[in-house]
Amino acid sequence: MRPSDTNPMKMLGATLLPSVLGLILSGCATAPQIPVSEKSYTVIFDVKGVDKNELFVRANTWFVANFVNAESVIQFSDKENGKIAGKYYSELTVGLNYYGVKQMIEVDVKDEKVRIMFENPTTIYLGNAFGPKGKVAGFDWGDVYEQKEMDAINSDWRRLAVSLNERLNKKD
């Protein structure tokens, strides 16, 4: 046996180096993507005895009441065809982290029926509970990759759908 073969530092390097490389490379692996089918939510409401025109007015009122952030905009509104669409911005807390979320919301209105669709969410990291909330350098808008973010977005979508249903069934 040669003296260099028994050098403890070389032996340590030979066993430690593969372990460290394995940890580094495993950190580079990307999280599994959330399927596109999970990045949308659609609900159809039956509103008996209310015609298309009245439902359109109620849905439009709901949009105006909920699109209060400057980044939330109604992009399309067609009373004749019963369609309203817009980009909606919200902020969500997931664990200790804050995220901005942009998504598309589309409402289709017919006599006694309304369909609302939420889709195409994108997020931006806005910080965490240990610092100020706001745009963080190095972060930009991107796809939703973490399931806990998508769960929070779905919860917000369900909340919005419930509030639309309440508005549709409210008589002025």
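Each remark here, short or long, concerns the structure printed above.
Not measured: the values here are computed from a predicted model. (Residues numbered from 1 in each chain as written. Predicted model: local features only at pLDDT ≥ 70, side-chain atom pairs only at ≥ 80, totals over all residues. Heavy atoms only, no water.)

Undergrad: Before we move on, can you summarise the pairing of strand β3 (residues 83–94) with the specific residues and values?
TA: One ladder, built from five bridges, connects strand β2 (residues 73–78) with β3; its direction is antiparallel. Bridging across to β3, S77 finds its partner in I84. The turn linking β2 back onto β3 is made up of four residues, and G82 within it adopts a positive phi angle of 65°. Where β3 folds back on strand β4 (residues 97–110), the antiparallel hairpin that results is connected by two residues, among which G95 adopts a positive phi of roughly 65°. (Pairing = 2+ DSSP bridges. Helix = DSSP H or I, 4+ residues; strand = E, 2+ residues; numbered from the N terminus.)

Undergrad: Go over helix α2 (residues 52–66), please, and point to the residues and values.
TA: The α-helix advances 3.6 residues per turn, and as a result positions three or four apart in sequence lie on the same side. With 15 residues, α2 ought to run about 21 Å at 1.5 Å a step, and its terminal C-alpha atoms sit 21 Å apart, in line with that. Within the sequence span of α2, burial applies to L55, F56, R58, A59, W62, F63 and N66. Summarising the axial view, the buried residues of α2 lie within an arc of 165°, below the 170-degree limit, and thus occupy one face. In α2, the exposed positions angled more than 90 degrees off the buried face are occupied by V64 and A65. Lining the buried residues of α2 we find β2, β3, β4, β5 (113–128) and α3 (147–168). (Expected span 1.5 Å × (residues − 1). Buried < 20%, exposed > 50% of the residue type's maximum accessible area, 1.4 Å probe, protein only. Arc of directions from axis to C-beta. Contact = heavy atoms within 4.5 Å.)

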